[in-house]
Amino acid sequence: MLHRMVLVARARVDLGEGALNGDLGLILAAHMKASVERAMTGGLVWLDGYFLDVLEGDRETLRGFFLAIAADPRISDLRSEEFLPIARRQYARWSIARGDAAIYDTSALRALREGHASAAQASELVAQCLRSATLAESPPLVAA
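In what follows, the accompanying structure is described. (Residues numbered from 1 in each chain as written. Predicted model: local features only at pLDDT ≥ 70, side-chain atom pairs only at ≥ 80, totals over all residues. Heavy atoms only, no water.)

Describing the overall build of the protein chain
Selection rule: Only runs of H or I of at least four residues qualify as helices and only runs of E of at least two qualify as strands under DSSP, and these elements are numbered from the N terminus. Our radius of gyration is a C-alpha quantity, and the globule rule it is checked against amounts to 2.2 Å times the number of residues to the power 0.38. Buried, partly exposed and exposed residues are distinguished by accessible area as a fraction of the type maximum, computed with a 1.4 Å probe on protein chains only: under 20%, between the cut-offs, and over 50%, respectively. Residue exposure ignores everything except the shown protein chains as possible cover, and the areas themselves are Shrake-Rupley values with a 1.4 Å probe. Neither His nor the chain ends is counted toward charge; the positive residues are Lys and Arg and the negative residues Asp and Glu. One atom stands in for each charge, and that atom is NZ of Lys, CZ of Arg, CG of Asp or CD of Glu.
Within the protein chain, the secondary structure is distributed over 4 helices and 6 strands. Going residue by residue from the N terminus, the α and β elements of the protein chain occur as β-α-β-β-α-β-β-α-α-β. For 144 residues, the compact-globule formula gives about 15 Å, and the C-alpha radius of gyration of the protein chain, at 14 Å, lands near that figure. Along the three orthogonal principal directions, the C-alpha set of the protein chain runs to about 40 × 30 × 30 Å. When each of the 144 residues of the protein chain is scored for burial, the buried share is 45%. Put simply, the protein chain shows about 7,400 Å² of open surface, and 53% of that area lies on carbon and sulfur atoms. Looking at the protein chain, you have 16 positive and 18 negative side-chain charges, and the mean spots of the two groups are 3 Å apart.

Structure representation (structure tokens):
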């Protein structure tokens, strides 16, 4: 059954200029590879020291993915803000973006910094960042 999972985590890697050549780039490449191989769609954003992730896919696939990233020492304070069945995908592909804290919804960003951003707030931040700052995306998912 198709599910959506919304994750929030603190980054324990450099997210600044040139970071794509280090651990951040490795995280993004692994995430992109996993999403394509496991037919996951959605988006990953790094913003203000956090990773925000909206994932859609098979229930067990998402659970396995969560367990794998929970063990990654390059992130901390991983929270699943939402894990629920959905009728259809909102995303056709998996994308990554870098968010700029100066231009996104300040109430959602404030809630994120205070540790109580809701799934809806995290999802909206991801959507905003993907609309304005997508850096890479997978090909569209084609379901047989």
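Digging into unusual backbone geometry
Positive phi, close to 55 degrees, is recorded for A39, a residue that is not glycine. Counting through the fold element by element, A39 comes out in the loop between α1 (23-37) and β2 (41-47). A positive phi is found at D77, a non-glycine position, where the angle reads about 55 degrees. With respect to the secondary-structure elements, D77 resides in strand β4 (residues 75-85).

Re the sheet that holds β2
The pairing of strands in a sheet comes from backbone hydrogen bonds and takes either a parallel or an antiparallel form. Rules: Two strands are counted as paired when DSSP detects at least two bridges linking them. Here an angle of 0 to 180 degrees is reported between the N-to-C directions of two axes, which are lines fitted to C-alpha atoms, with helices fitted over the stretch in contact. Whether two residues are in contact is decided by their heavy atoms: any pair within 4.5 Å suffices.
Reading across from one edge, β4-β1-β3-β2-β5-β6 is the order of the 6 strands in this open sheet, with mixed pairing throughout. What marks the edges here is a single partner per strand, and that holds for β4 and β6 (134-137). Looking at each pair of strands side by side, their axes are set apart by 15 degrees on average, direction ignored. Summarising the sheet, β2 and strand β5 (residues 94-98) pair through 5 bridges and their orientation is parallel. Along β5, the bridge assignment pairs G43 with S95. Together, β2, β3 (50-58), β5 and β6 form the strand contacts of α1, whose direction differs from that of β5 by roughly 160 degrees. Sheet contacts for helix α4 (residues 119-133): β1 (2-11), β2, β3, β4, β5 and β6; angle to β5, the most-contacted strand, approximately 85 degrees.

Looking at the pattern of salt bridges
To keep it simple, the criterion reads: Salt bridge criterion: a side-chain nitrogen from Lys or Arg within 4 Å of a carboxyl oxygen from Asp or Glu.
Applying the stated rule across the entire model yields 9 salt bridges. Notably, a salt bridge pairs D77 with R10, separated by 3.8 Å at the nearest N-O pair. Note that D77 is positioned in strand β4 and R10 in strand β1, a separation of 67 residues in sequence. The partner of R131 in a salt bridge is E124, and the shortest N-O contact between them spans 3.1 Å. Where salt bridges share partners, they join R4, E56 and E82 into one cluster.

Here's the deal with the pairing of β2
For β2, the buried fraction is high: 7 of the 7 residues fall into the buried class. By the alternation rule, side chains of β2 split into T41, G43, V45 and L47 and G42, L44 and W46, which are all buried. The pairing of β2 with β3 spans 7 bridges and is classified as antiparallel. Its bridge partner lying in β3, L47 is registered against Y50.

Remarks on the environment of P73
Structurally, P73 is set in the loop between α2 (59-70) and β4. A relative accessible area of 59% places P73 in the exposed class.

Here we look at the environment of R113
Assignment of secondary structure puts R113 in helix α3 (residues 106-113). Contact partners of R113, with chain neighbours within four places excluded, come to D48, Y50 and A101.

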